[in-house]
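# Per-entry structural report
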Amino acid sequence: MLLDVVTITEKDYTPCSKANSSKDSVKHMLQSFKYLFSCNLVLSRSLSGYVSRMRYLMRLKEDDEACREALKSGKVLLYHKLSPLLRKTSSGYKLASLKTSDLEQILEKVGKDKHIVNESFLLGCTDKDEPQFSLDVGDLDRSALEQECRGMFVDLRKAFFMIPGPESPLAAKGQALLRWHQTNCFCSATGQPTVRNQSGSFRVCHSSGITYYPKMAPVVIVLVSDGSRCLLARQAMFPPGMYSALSGFCDMGESVEEALHREVAEEVGLEVENLQYSGSQHWPFPQSSFMLACHATVNPDKTQVNIDKAELEDARWFTYEEITEALQNLPRDPRREPPVFWVPPSYAIANQLLQEWANHQQLSRKLHGLK
Ligand SMILES: NC(=O)C1=CN([C@@H]2O[C@H](COP(=O)(O)OP(=O)(O)OC[C@H]3O[C@@H](n4cnc5c(N)ncnc54)[C@H](O)[C@@H]3O)[C@@H](O)[C@H]2O)C=CC1
Ligand SMILES: [Mg+2]
C-alpha cells in the first residue's frame, strides 16, 4: 500500500514521500505522530527550528484540541485588569511566567475554579518550544494573588521601564489580545454573543456567521529633522517632561506616505520630504496600534512650527546634545523631582527613531570633523 506518511524511528522523524506499509502499522504510526506532534517532539531534518515552531503555532491556532493539550504543558502570563504580573530578580524585574499546573494550584488556593486556566489565550512559543498563553484574573483579589504568586501586578506602561527589553513585545501582545477579547464579546451586526476558538485567534457569531479577528489600527510615526535638529512634540496627557516623535492614525483609504504628510501638516504646519522607512511595531495602546515609523526632513529655511493646540501641548526642535542626554534619562516621579526632558522607553519605536537619528548625526559630525 502506498501512502504519504512520515517515517518515525526511535531516534529520528524524517519526512518521506512514499512508504510501503500495512494499514495497521500506518494507523499506529500516524497516531504516534499525532501524539508526538501535539507534544511538540517531532523533529525534522528538512525544517529549521523557526519553521517548525511557526508550523506548530499555526496548528495550535487552528486545532482546539491540540491547543488545549499544549496549554497543559505550557506557561501562562498572568494579568490583573490588564496589568502584567512581574517578579523581582537579583538585577531588577521580569515577566512572571507560570506553569499551568502551578497556576491551577494557586487558583484553588485563592478559592477559584482551576478550570478558568482554559480561558487563556495563545501568545506564542519560546525558543525552547514551550507554548505561552495569557490570562486575565481581574475579578480575583489582587493582593491575595500577588502573595501566592510572589509577584506584583504593574501597569504595562510602567512595566516597559522595568522588564528586560526582549520581554516587552510579549507583555504587550498578552495585554492586547486580552483587551481585544474583553471588548469584542458581541457581534456588531446582530448584538448576539461571539464565541472564541481555543487559541483566541478569532471569535465567531453563530447567528450571523461573521468571524472577527484581532485588529490593529495603523499609525504613522515620523521623526522630522532639519539636518542638525529634530522635532519632538508632547500631548497634554503625556507624563511631565516626555516628548515623542509626531504620530497619527491613518485615515481610511490613505497610504502611509499620505498619512505622514497630512499628520505633520495638521499637527505642526510643516511640509516634509525625503521619507525614509525605518521599521514597524505593534503598540498595545490605546487599543492596539500598528506603528509604521519613518524619518523625514524639512527645508532648513522653513522650520517655523505652527502647533495645533487641540492635539499638542508643545512641539520643539531639539539639538543632538539634548537628544543624546534625553536617551539616558529615565522618567522621574514628578511629586519628588522636577521633570527633565526625556523620551519614550527603549522598547517604543519612537526611541528607535531617536537612536537612529543620533547615530546618523554622530557619523556626519565625525565626517565633518566635529565632536
Ligand atoms: N510606540 C511608540 O513609540 C509611540 C506610539 N504612539 C501611539 O500612537 C497612537 C496614535 O498617536 P496620536 O498622535 O495620539 O494620534 P492622532 O494624532 O491621530 O490623534 C489621536 C486622535 O485621533 C482620533 N483617531 C482617529 N482614528 C483613531 C483610532 N483608530 N483610534 C483612536 N483614535 C483615533 C481620535 O480623535 C484621537 O483623539 C497613540 O495613541 C500612541 O499609543 C505614539 C507615539 C509613540
Ligand atoms: Mg498625533
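Definitions and cut-offs
Residues numbered from 1 in each chain as written. Chains lettered and ligands numbered in written order. Predicted model: local features only at pLDDT ≥ 70, side-chain atom pairs only at ≥ 80, totals over all residues. Heavy atoms only, no water. Helix = DSSP H or I, 4+ residues; strand = E, 2+ residues; numbered from the N terminus. Buried < 20%, exposed > 50% of the residue type's maximum accessible area, 1.4 Å probe, protein only. Contact = heavy atoms within 4.5 Å. 1 Å grid on protein atoms, 1.4 Å probe; cavity = no way out; pocket = protein on both sides within 12 Å on 5 of 7 lines; lining within 4 Å. Points joined across faces, edges and corners; volume = space filled by probe spheres on them. Nonpolar A, V, L, I, M, F, W, Y, C, P; charged D, E, K, R; others polar. Donors = N, O, S within 2.8 Å, 3.2 Å for Na, K, Ca; no water. Salt bridge = Lys/Arg side-chain N within 4 Å of Asp/Glu carboxyl O. Core = buried A, V, L, I, M, F, W, Y, C linked by side-chain atoms within 4.5 Å. Domains from an automatic or database assignment. pLDDT = per-residue confidence, 0-100. Near = heavy atom within 4 Å. Polar contact = N/O pair within 3.5 Å; in protein donor to acceptor, adjacent residues only side chain to side chain. Areas by Shrake-Rupley, 256 points an atom, 1.4 Å probe, with all protein chains shown as cover. Pairing = 2+ DSSP bridges. Arc of directions from axis to C-beta.

Another point: the overall build of the protein. Counting its regular elements, the protein contains 10 helices and 18 strands. Among the 371 residues that make up the protein, the fraction classed as buried is 43%. Here the contacts in the protein between residues at least 6 apart in sequence split such that 62% fall between residues at least 24 apart.

Time to look at the layout of surface pockets. In this approach, a probe sized like a water molecule rolls over the atoms, and the result shows the empty space that is left. Empty space within the second largest pocket amounts to approximately 460 Å³. Looking at the second largest pocket, it is lined by 23 residues, and the ones nearest its centre are Lys173, Ala176, Leu177, Gly200 and Pro214. Listed by contribution, the elements that provide at least two residues to the lining of the second largest pocket are helix 2 (49–62), strand 7 (121–125) and helix 7 (168–182). Each residue belonging to the lining of the second largest pocket can be placed in one class, and the counts come to 10 nonpolar, nine polar and four charged.

Right, let's talk about the coordination of the magnesium ion (ligand 2) for a bit. Only Ser247 (O) and Glu267 (OE) from the protein reach the magnesium ion (ligand 2) as donors, at distances of 2.1 to 2.2 Å. Placement of serine 247 in strand 15 (residues 246–249) and of glutamate 267 in helix 8 (residues 256–268) is noted, with a sequence separation of 20 residues between them.

In this structure the tally under the stated criterion is 15 salt bridges. Between arginine 68 and glutamate 65 there is a salt bridge whose closest N-O contact spans 3.7 Å. Linking arginine 68 with glutamate 65, this pair stays in helix 3 (residues 64–72), spanning three residues, or about one helical turn. Of the residues examined, glutamate 65 reaches a relative accessible area of 47% and is grouped as partly exposed. Between aspartate 139 and lysine 112 there is a salt bridge, with the nearest N and O atoms lying 3.4 Å from each other. You can see aspartate 139 sitting in the loop between strand 8 (131–136) and helix 5 (142–149) and its partner lysine 112 sitting in the loop between helix 4 (100–109) and strand 7, a full 27 residues away along the chain. On the basis of relative accessibility, which here comes to 58%, the residue aspartate 139 falls in the exposed class.

If you look at soluble globular proteins, the nonpolar side chains tend to sit buried side by side. Core analysis: the largest hydrophobic core is formed by 42 residues, its most contacted members being Ile221, Leu223, Leu232, Ile323, Phe341 and Leu354. The leading source of residues in this core is helix 10 (residues 349–367), at six residues. Both domains that meet at this core, namely domain 2 (68–182) and domain 3 (217–367), each give it at least three residues. Aside from chain neighbours lying at most four places away, what touches leucine 232 is Leu223, Tyr243, Ser244, Ala245, Asp314, Ala315, Arg316, Phe318, Ile323, Phe341, Val343 and Leu354. Core analysis: the second largest hydrophobic core is formed by 26 residues, Leu60, Ala66, Ala70 and Phe133 among them.

Confidence in the prediction for the protein averages 88 pLDDT; 85% of positions are at 70 or higher. Ignoring residues within four places in sequence, the model shows residues 1–23, a span with pLDDT below 50, making 42 contacts including any to other chains. The low-confidence segment residues 32–45, where pLDDT is below 50, has 23 contacts with residues more than four positions distant or belonging to other chains. On the interface metric, ipTM, the complex scores 0.97, and its pTM is 0.85.

A separate point is the site of ligand 1. By nearness alone, 19 residues border ligand 1, and Ser247, Phe249, Glu267, Gln281 and Ala350 come closest of all. Between ligand 1 and serine 247 there is a distance of 2.8 Å, counted from an oxygen atom to a side-chain nitrogen or oxygen. Within the backbone of phenylalanine 249, an N or O atom sits 2.9 Å from an oxygen atom of ligand 1. Within the complex, 64% of the 850 Å² of free accessible area of ligand 1 lies under protein. Residue assignment for the shell around ligand 1 shows that the elements contributing at least two residues are strand 13 (217–225), strand 15, helix 8, strand 16 (273–283) and helix 10. Tallied by class, residues from the shell around ligand 1 come to 11 nonpolar, five polar and three charged.

Hydrogen bonds along the backbone pair up the strands of a sheet, which may run parallel or antiparallel. With respect to topology, three strands assemble into an open sheet ordered 10-11-12, the strand pairing being antiparallel. Lying at the two open borders of the sheet, with one neighbouring strand each, are strand 10 (195–196) and strand 12 (211–212). With two bridges joining them, strand 11 (residues 203–204) and strand 12 adopt antiparallel strand pairing. Counterpart to arginine 203 in the pairing with strand 12 is tyrosine 212.

With the exception of glycine, most residues fall at negative phi, and the peptide bonds are largely trans. The amide bond that connects phenylalanine 285 to the next residue, proline 286, takes the cis arrangement and shows omega of -15 degrees. Mapped onto the secondary structure, proline 286 falls in the loop between strand 16 and strand 17 (289–297). Residues other than glycine seldom take positive phi values, yet aspartate 129 does so here, at roughly 65 degrees. Note on placement: aspartate 129 falls in the loop between strand 7 and strand 8. The class for aspartate 129 is partly exposed, based on a relative accessible area of 31%.

For helix 5, every residue scored as buried is listed here: Leu145, Glu146 and Cys149. Considered in projection along helix 5, the buried side chains sweep an arc of 100 degrees and stay on one side of the axis. The first or second residue beyond helix 5 is arginine 150, which carries a positive phi of 55 degrees.

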